[in-house]
Amino acid sequence: MTRMKSALVHLALLSAIVFMPVLVSVYQDSGVSTRARQVHDRAIVIDTHDDVTQRLVYEKTFDIGARNKTGSLDIPRMREGGLDALFFSIWITGDVTGPTAVKRALDQIDAVREAVRKHPNDLVLATTAADIRKAAADKKIAALLGVEGGHMLADDLAVLRIFAALGVRYMTLTHSINTTWADSSGDKPAHDGLTAFGKDVVREMNRLGMMVDISHVADKTFFDALEVTRAPVIASHSSARAIAKSPRNMTDDMLRALAKNGGVVMINYNAGFLSEEFRAAPRPPDFSARIKEIETTCGKDEACSILRTQRANHEAMRSGVLPAVRWEKVVEHLDHAIKVAGIDHVGLGSDFDGAVMPLGMEDASKLPRITDALLKKGYSERDVEKVLGENVLRVMAQVERVARTSR
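The rules we used
Residues numbered from 1 in each chain as written. Predicted model: local features only at pLDDT ≥ 70, side-chain atom pairs only at ≥ 80, totals over all residues. Heavy atoms only, no water. Helix = DSSP H or I, 4+ residues; strand = E, 2+ residues; numbered from the N terminus. Rg over C-alpha atoms; globule rule 2.2 N^0.38 Å. Contact = heavy atoms within 4.5 Å. Lys, Arg positive; Asp, Glu negative; His and termini not counted. Charge placed at Lys NZ, Arg CZ, Asp CG, Glu CD. Phe/Tyr/Trp six-rings, centres within 6.5 Å; stacked < 30°, edge-to-face > 60°. Buried < 20%, exposed > 50% of the residue type's maximum accessible area, 1.4 Å probe, protein only. Lys NZ or Arg CZ within 6 Å of the ring centre and 35° of its normal. pLDDT = per-residue confidence, 0-100. Pairing = 2+ DSSP bridges. Right-handed = clockwise from strand over helix to strand, strands pointing away. Salt bridge = Lys/Arg side-chain N within 4 Å of Asp/Glu carboxyl O. Core = buried A, V, L, I, M, F, W, Y, C linked by side-chain atoms within 4.5 Å. Axes fitted to C-alpha atoms, helices over the stretch in contact; angles between N-to-C directions. Parallel < 35°, antiparallel > 145°, perpendicular 65-115°, else oblique. Left-handed = near helix turned anticlockwise from the far one by under 90°. Nonpolar A, V, L, I, M, F, W, Y, C, P; charged D, E, K, R; others polar. Polar contact = N/O pair within 3.5 Å; in protein donor to acceptor, adjacent residues only side chain to side chain.

Quick notes on the overall build of the chain
Thinking step 1. The helix and strand inventory of the chain stands at 17 helices and nine strands.
Thinking step 2. Here the C-alpha atoms of the chain give a radius of gyration of 22 Å, agreeing with the 22 Å that 2.2 N^0.38 yields for 407 residues.
Thinking step 3. The principal-axis extents of the C-alpha atoms in the chain amount to approximately 80 × 55 × 45 Å.
Thinking step 4. Residue pairs in contact within the chain that sit at least 24 positions apart in sequence constitute 72% of those at least 6 positions apart.
Thinking step 5. Taking the average location of the 54 positive side-chain charges in the chain and that of its 53 negative ones, the two points are 4 Å from each other.

Put into structure tokens, the structure is as follows:
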């Protein structure tokens, strides 16, 4: 028996030696170190904004459970990229309002919940920080809901309460057009920030345990929201205006104010918010005509429009028609936000399937590159874990406590 055990031990050691180079080569091929992969696997990785919901609604043949050749998100690539939780964006354009907006928002909420129902071995609906931690422990991906634009309320707090009851855990106060009660960064000021009703919306979100999302809002709306809220707020997908001057990005003063509030800014991967060179570059007539053709062809099919527009932009980057934006710009924005706001106030909000991703970060499988890059910049493993998800979990827990005290 002793000889048999000894032989088994030798066999195990030999197997480890034989297979070790295979594991190392995988890490080398992916450009991610073994240490980074270990940190990434150990962390709870959360993405607070993605638009794959549009594919669930518009692409009847789309299967989130299968590996797709297009787009950025599906379960296999989420697994490969170590993504533990994501907020499915509930989004329609800001010019759709009233009962139509409410109906379309409810349809999208239903589509996400149906995706969870159809893939119970991989997805689980989550509404709390504890739910996310349990999902990660159970090796499942937590699916959360975020409404991207207060225009979907139809100026009715009862609709907000319905959204909350269905599992929505944040709402972006505006999208790119002013609502009747809040100014957007993409529109001309009409309300000097938040109206009285807008402030009531923030208070009710605090009471309901919904995170107030200030991505897309005008600067004055942002500061008004901070004055009213009793809980930390988030920017679910915004980058740094010091690097790229889009009004959608946050100034350093806003980043410092967000940190004082206890909130978190999640860096957006959209090329136009990462690179000022790309944002400001003139679009040649041929390229503009192609984008116009895509809009005409896709019509109201937002998934079609988003995917084809990203493809056109990537081709333009690779051919030199537009400035190339590499994935490292995400890390540049993360580093800047951390230096200004502090390590406890920065996270990830990709905008996957909703914008033009930088080259090298085309889909969720590439996420470990961010972990690797932050470690190489000298951030500690604990600090990297905060950026990957712990900061969001902290804010969620704080928002939940405020809601409990309100009741």
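Now that the structure has been shown, the text picks up again.
What to know about the packing of aromatic side chains
The description of two aromatic rings rests on the distance between their centres and on the angle between their planes.
Thinking step 1. Per the stated rule, a full pass over the model turns up four aromatic pairs.
Thinking step 2. Residues Phe87 and Tyr170 carry aromatic rings whose centres are separated by 5.2 Å and whose planes lie at 35 degrees to one another, so their mutual orientation is tilted. You can see Phe87 sitting in strand β2 (residues 85–90) and its partner Tyr170 sitting in strand β5 (residues 168–172), a full 83 residues away along the chain. No difference in accessibility class separates Phe87 from Tyr170, as the two residues are buried.
Thinking step 3. Judged by centre distance (5.6 Å) and plane angle (85 degrees), the ring pair of Tyr269 and Phe352 falls under edge-to-face. Here Tyr269, found in the loop between β8 (264–267) and α11 (271–274), pairs with Phe352, found in the loop between β9 (346–348) and α16 (368–376); they are 83 residues apart in sequence, far enough to count as distant. Side by side, Tyr269 and Phe352 carry an identical accessibility label, which is buried.
Thinking step 4. Sitting above the plane of the Phe278 ring, Arg283 keeps its charged end 4.6 Å from the centroid.

A few points about the confidence of the model for the chain
Thinking step 1. The predicted model of the chain has a mean per-residue pLDDT of 93, with 93% of residues at 70 or higher.
Thinking step 2. Between residues 1–29, whose pLDDT stays under 50, and residues either more than four places distant or in other chains, the model counts four contacts.

Some words on the pairing of strand β4 (residues 141–148)
Thinking step 1. The buried fraction of β4 amounts to eight of the eight residues, a majority that puts the element mostly inside the structure.
Thinking step 2. Burial along β4 is two-sided: Ile141, Ala143, Leu145 and Val147 and Ala142, Leu144, Gly146 and Glu148, pointing in opposite directions, are all buried.
Thinking step 3. With three bridges connecting them, strand β3 (residues 123–125) and β4 associate as parallel partners. Bridge pairing in β4 places Leu125 opposite Ala143.
Thinking step 4. Note on the crossover from β3 through helix α6 (residues 129–137) to β4: the handedness is right-handed.
Thinking step 5. Of the strand pairs in this sheet, β4 and β5 are connected by four bridges, and their pairing is parallel. Bridge pairing links Leu145 to Val168 in β5.

Notes on the pattern of salt bridges
Thinking step 1. In total, this model carries 29 salt bridges according to the counting rule given.
Thinking step 2. Note that Lys220 is salt-bridged to Asp192, the shortest N-O span being 3.9 Å. Taken as a pair, Lys220 in helix α9 (residues 219–228) and Asp192 in the loop between β5 and α8 (196–208) lie far apart in primary sequence, 28 residues in all.
Thinking step 3. Salt bridges here are not isolated pairs; linked through shared partners, they connect Arg35, Arg42, Glu381, Arg382 and Glu385.

As for the side chain of Glu302
Thinking step 1. Inspection of the secondary structure puts Glu302 in helix α14 (residues 302–319).
Thinking step 2. Comment: no salt bridge for buried Glu302; closest opposite-charge side chain is Arg104, at 5.2 Å.

Points about the nonpolar core
Thinking step 1. Core analysis: the largest hydrophobic core is formed by 108 residues, its most contacted members being Met171 and Leu173.
Thinking step 2. Setting aside residues up to four positions removed in sequence, Met171 forms contacts with Val147, Gly149, Gly150, Leu153, Leu160, Trp181, Val201, Met205, Met210, Met211, Val212 and Asp213.
Thinking step 3. Grouped together as the second largest cluster of nonpolar side chains are 23 residues, Ile46, Ala126, Leu144 and Met211 included.

Here's the deal with the packing of helix α10 (residues 252–261) against helix α15 (residues 328–341)
Thinking step 1. The N-to-C vectors of α10 and α15 enclose an angle of 60 degrees; their axes lie 8 Å apart at closest approach. Between α10 and α15, the interaxial angle falls into the category oblique. The handedness of the crossing between α10 and α15 comes out as right-handed. Counted together, Asp252, Leu255, Arg256 and Ala259 of α10 and His336, Ala337, Val340 and Ala341 of α15 form the full contact between these two elements.
Thinking step 2. Partitioned by chemical class, the residues of the contact of α10 with α15 number five nonpolar, one polar and two charged.

Things to note about the environment of His175
Thinking step 1. Counting through the fold element by element, His175 comes out in the loop between β5 and α8.
Thinking step 2. Sequence spacing of His175 and Gly150 is 25 residues, and the spatial spacing of their C-alpha atoms is 7.4 Å.
Thinking step 3. Apart from the residues within four sequence positions on either side, His175 is in contact with Trp91, Glu148, Gly149, His151, Ser184 and His216.
Thinking step 4. Only 3.0 Å separates the side chain of His175 from the side chain of Trp91, close enough to count as a polar contact.

Concerning the packing of α6 against helix α17 (residues 381–406)
Thinking step 1. Their axes nearest at 8 Å, the elements α6 and α17 cross at an angle of 140 degrees. When the axis of α6 is compared with that of α17, the two are oblique. Packed against α6, whose contacting residues are Ala129, Ile132 and Arg133, the element α17 presents Glu390, Leu393, Met396, Ala397 and Glu400 at the interface.

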